[in-house]
Amino acid sequence: MAKLVIVSNRLPVAVSVRGGSVEIREAVGGLATAIKSFLAATESGKTLGFDELVWVGWSGVKAEQETEEVRAKLREMGLLTVPLTGEEFQLFYEGFCNSTLWPLFHSFTVYTVFEAKFWESYLQVNHKYAEAVSAVARPGDFVWVHDYHLMLVPGMLREQAPELAVGFFLHIPFPPAEVYQLMPPPWRTALLDGLLGADLVGFHIHEYVNNFLRSVSKFLGYRTEAGMVYAGRRKIRVGAFPISIDFDFFHNSSEVPEVERQIEELRQRLRGLKIVFSIDRLDYTKGVINRIHAWERFLKERPGWRGRATFILVVVPSRTGVPQYEAMKREIEREVGRINGELGEVDWVPIVYISRYIPTTTLLALYNIADVALITPLKDGMNLVAKEYVASRRDCRGVLILSETAGAAHELVQALVVNPNDESGIVNAIERALSMDPEEQCRRIKSMQERIRQHNVVKWGVDFIHALALAYNDNLMSAATPARILDGEAAEEIASAFRNSRKRLLMLDYDGTLVPHYPYAYQAVPDAELKQMLRDLANIPNTSVAVVSGRPRDFLEAWLGDLNIYLVAEHGAFIKEPGGGWTQLFPFDLSWKPAVRKLMEDFTALTPGTYIEEKEVSVAWHYRNAEAEVGEAAANRLVEALSGLLAGTPANILRGVKVVEVRAAGVSKGAAAKLLYEKLAPDFVLIAGDDYTDEEMFKSVPAAFSVKVGRGETAAKFMAPSYRKVRELLRRLIS
Ligand SMILES: O=P(O)(O)OC[C@H]1O[C@H](O[C@H]2O[C@H](CO)[C@@H](O)[C@H](O)[C@H]2O)[C@H](O)[C@@H](O)[C@@H]1O
Ligand SMILES: O=c1ccn([C@@H]2O[C@H](COP(=O)(O)OP(=O)(O)O)[C@@H](O)[C@H]2O)c(=O)[nH]1
Ligand SMILES: [Mg+2]
């Protein structure tokens, strides 16, 4: 049985120590709320097969105040604390977390502070967390690390305890690569490497997934495709898991007696006033000032609503030690005061401002009576308040106004979606919301409720854990079945199978496999020894030899055309039978070629030592002769530019060893290998190759003896250090 270890900066409780007495209450913020609901619904992970749960995190008080009494109380609740000293609180929490990562990841670049001592502390605290986890986790346990505070933890765990299943979920946006780029290079690569220590990395929405994948390929140069990062021998899955809420809890809230009582009381006290409502942690990302100004403009432009509607603005204090938060609090107070002073009446205030934590029952009552929820963050990872408001409306009333820049807007599409900077757009939305007829309100609320009911917080957690199990098993398997070194013993095994078979097929890649890589492709011509060897192999009875290459057919024809072997050109686009002529295996659409060539020409002009090789169904850009780092960086940029250029066209981008190639869609060495295999029906198959495209061959004939030349992740059964070992093996087959 396995344990589930949740790791987050903040535990689901907020501890406060006042004059010796310890108070423990629920923590505010989406992360704690969501994980708590998930754990409650799965009986602390039991229904998912975990027999124990540990939650590792910070108690919210400084280490100096975290007495044994506090720790013991929390331990009873299954909470393991990681103490933060006063200095760490400043440099790690207020510093790197909330003055560097938080603003940058929300694209508030001008608020972002880059301080070496913040970074040092971040490293140190992440170590503390990793140590705390290592102390409780055993091989096979599942560790789920949360949020931007702990991005280095997965990497550290991978080093300390490689046999753990590690998942990471980011609760805030991942910014576009151009924004992420503002981070000093050593930090930005360390953070990405840290995340890639996980088996699975999750985000709220696809936009953040794509941003992340772009950064990974841009700054680390790893191959990324279809929600997967290939980092050496490991594969990291990356996906969207939109966080959610305990739908039933909110949907049933109006029937809880205490909530019912408060609803009644509020209704009486508000005497038929229309209520516009919002609640947020105090945070510049939440767009509170914009919202206040939009409300002011609404009241000024639509004076008929004065005295008939009021705005209940709840702002819960948060991160008060960070300067921007302090400044923002003062600004809100000033603006609310000014507007109430300017527009208020003896019996009506434009804005009811509450600046403190409000108990859950009061929050639920407010959700239930608010005619409009006005949720206008400038940027928000998800925003659970929006989902909670919608779910609460059992009466099928209420209108949600929601920023398009909140993650929640990707799901709550029946909200009145606004841009938080478009003041007049918000004014119109408020007017429309306040006047919306009950049928339309109900129609919109209903479909949003359906979405949240199905995609509730339990689904979020269960989907994540299931995806983590898959990702973990994948990596376990590739670690358990690593390719064997092609040593003497392995070579003899292959040779003996060769001798004992009746019909044999050898499919051999050319460059890097039969000959070394040369600075220029045209230099890699076959030597006399190689030609003799291929001839000898083809002369063995019942033995077919195929050279399966990315080379164009005229090259293969010129240098190998006289041999009695199969030739496959351009990664499987053309095939030639021994002694026969060439046939094309697919029809090709090559309309993308001129644009690709033009783009590659630009890159060639900018990157000394690179050159273009144009073939019939593909164009290749070689950077083998460029300075290593410059070449890789240029290749990353080229791949990025090509991805944009080729979206939706019938062409694929291939990132090979020191080459970026674009070829017509559908062409693959794998398809060609399969064709030969099925046509000849051999009982012995040997496949050798050195590049990504050769992996397609290895996979397409699982029964084959497959040999990968060089290092790196592979589906092949054997690994050889260089083309020389392949030749050695072939000589052994001949003798
Ligand atoms: O721990 P604090 O510094 O007091 O801040 C509270 C939490 O704020 C952030 O919440 C995010 O998570 C929500 C749920 O996934 C999401 O809806 C919201 O958009 C995010 O801002 C932060 O990510 C948490 O780590 C904090 O605990
Ligand atoms: O006084 C309050 C204010 C907020 N919340 C909860 O805090 C969470 C806020 O999450 P959200 O994702 O909207 O924003 P975050 O603060 O995480 O950025 C929601 O579940 C709210 O119900 C609460 O319980 N009491
Ligand atoms: Mg090759």
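Predicted model, so just to flag it, every value in this text is computed and none were measured. (Residues numbered from 1 in each chain as written. Chains lettered and ligands numbered in written order. Predicted model: local features only at pLDDT ≥ 70, side-chain atom pairs only at ≥ 80, totals over all residues. Heavy atoms only, no water.)

Note that side chains of opposite charge can pair when their charged atoms are close. Counted under the stated rule, the structure contains 67 salt bridges. Here Glu632 and Arg655 are joined by a salt bridge, their closest N and O atoms 2.9 Å apart. Here Glu632, found in helix 22 (residues 628-646), pairs with Arg655, found in strand 26 (residues 651-656); they are 23 residues apart in sequence, far enough to count as distant. Taking the relative accessible area as the measure of exposure, Glu632 reaches 30% and is therefore partly exposed. (Salt bridge = Lys/Arg side-chain N within 4 Å of Asp/Glu carboxyl O. Helix = DSSP H or I, 4+ residues; strand = E, 2+ residues; numbered from the N terminus. Buried < 20%, exposed > 50% of the residue type's maximum accessible area, 1.4 Å probe, protein only.)

Now for the pairing of strand 7 (residues 165-169). Remember that side chains alternate between the two faces of the sheet whenever the strand is regular. Burial analysis of strand 7 places five of its five residues in the buried class, which makes it a mostly covered element. Alternating residues of strand 7 divide into Ala165, Gly167 and Phe169 and Val166 and Phe168, and every residue in both groups is buried. Bridging between strand 6 (residues 142-146) and strand 7 involves five bridges; their strand directions are parallel. Note on strand 7: the bridge partner recorded for Val145 is Phe168. Sheet analysis places strand 7 next to strand 8 (residues 200-203), joined by three bridges and oriented parallel. If you follow Phe169 over to strand 8, its bridge partner there is Gly202. (Pairing = 2+ DSSP bridges.)

With that settled, consider the site of ligand 2. Lining the immediate environment of ligand 2, one finds 16 residues, of which Gly30, Arg281, Lys286, Leu384 and Glu388 sit closest. Val385 places a polar main-chain atom, nitrogen or oxygen, 3.2 Å from an oxygen atom of ligand 2. Contact distances for ligand 2 include 2.5 Å between an oxygen atom and a side-chain N or O atom of Glu388. About the coverage of ligand 2: the protein hides 89% of its 540 Å² of free accessible area. (Near = heavy atom within 4 Å. Polar contact = N/O pair within 3.5 Å; in protein donor to acceptor, adjacent residues only side chain to side chain. Areas by Shrake-Rupley, 256 points an atom, 1.4 Å probe, with all protein chains shown as cover.)

Moving on: the sheet that holds strand 21 (residues 566-569). One open sheet accounts for nine strands, arranged 18-30-29-28-19-20-21-22-23; its pairing is mixed. Where the open sheet ends on each side, the last strands, each with one partner, are strand 18 (484-485) and strand 23 (582-584). For strand 29 (residues 705-709) and strand 30 (residues 718-720), the ladder comprises three bridges, and the chain directions are parallel. Pairing of Val709 across the sheet is with Ala720, part of strand 30. Lying over the sheet, helix 18 (residues 488-499) contacts strand 18, strand 19 (504-508), strand 20 (543-548), strand 28 (684-689), strand 29 and strand 30, oriented at roughly 140° with respect to strand 28. Together, strand 19 and strand 20 form the strand contacts of helix 19 (residues 528-539), whose direction differs from that of strand 20 by roughly 140°. (Contact = heavy atoms within 4.5 Å. Axes fitted to C-alpha atoms, helices over the stretch in contact; angles between N-to-C directions.)

Once the domains are mapped, the chain shows domain 1 (2-240), domain 2 (247-451), domain 3 (484-586 + 668-734) and domain 4 (593-664). When each unit is reduced to the centre of its C-alpha atoms, the spacing between domain 3 and domain 4 is 26 Å. Listed as interface residues are 19 residues of domain 3 and, on the opposing side, 14 residues of domain 4. Taking both partners together, domain 3 and domain 4 bury about 1,400 Å²; carbon and sulfur atoms supply 49% of that area. (Domains from an automatic or database assignment. Buried area = accessible area lost by both parts, 1.4 Å probe.)

What follows covers the packing of aromatic side chains. For the structure shown, the criterion picks out 47 aromatic pairs. When the centroid spacing of 5.6 Å and the interplanar angle of 40° are considered together, the rings of Phe108 and Tyr111 count as tilted. On the accessibility criterion, Phe108 (15% relative accessible area) is buried. Looking at Tyr111, the relative accessible area reads 29%, which means it is partly exposed. Geometrically, the ring pair formed by Tyr510 and Phe555 is edge-to-face, given 5.9 Å between the ring centres and 65° between the ring planes. With Tyr510 in the loop between strand 19 and helix 19 and Phe555 in helix 20 (residues 553-560), this residue pair connects regions lying 45 residues apart in the sequence. Accessibility classification places Tyr510 together with Phe555 in one group, the buried group. Among the aromatic side chains, those forming a connected cluster through ring pairs are Phe38, Trp144, Phe169, Phe241, Trp460 and Phe464. Looking at Arg308, its charged tip hangs above the ring of Trp305, at a distance of 4.0 Å from the centre. (Phe/Tyr/Trp six-rings, centres within 6.5 Å; stacked < 30°, edge-to-face > 60°. Lys NZ or Arg CZ within 6 Å of the ring centre and 35° of its normal.)

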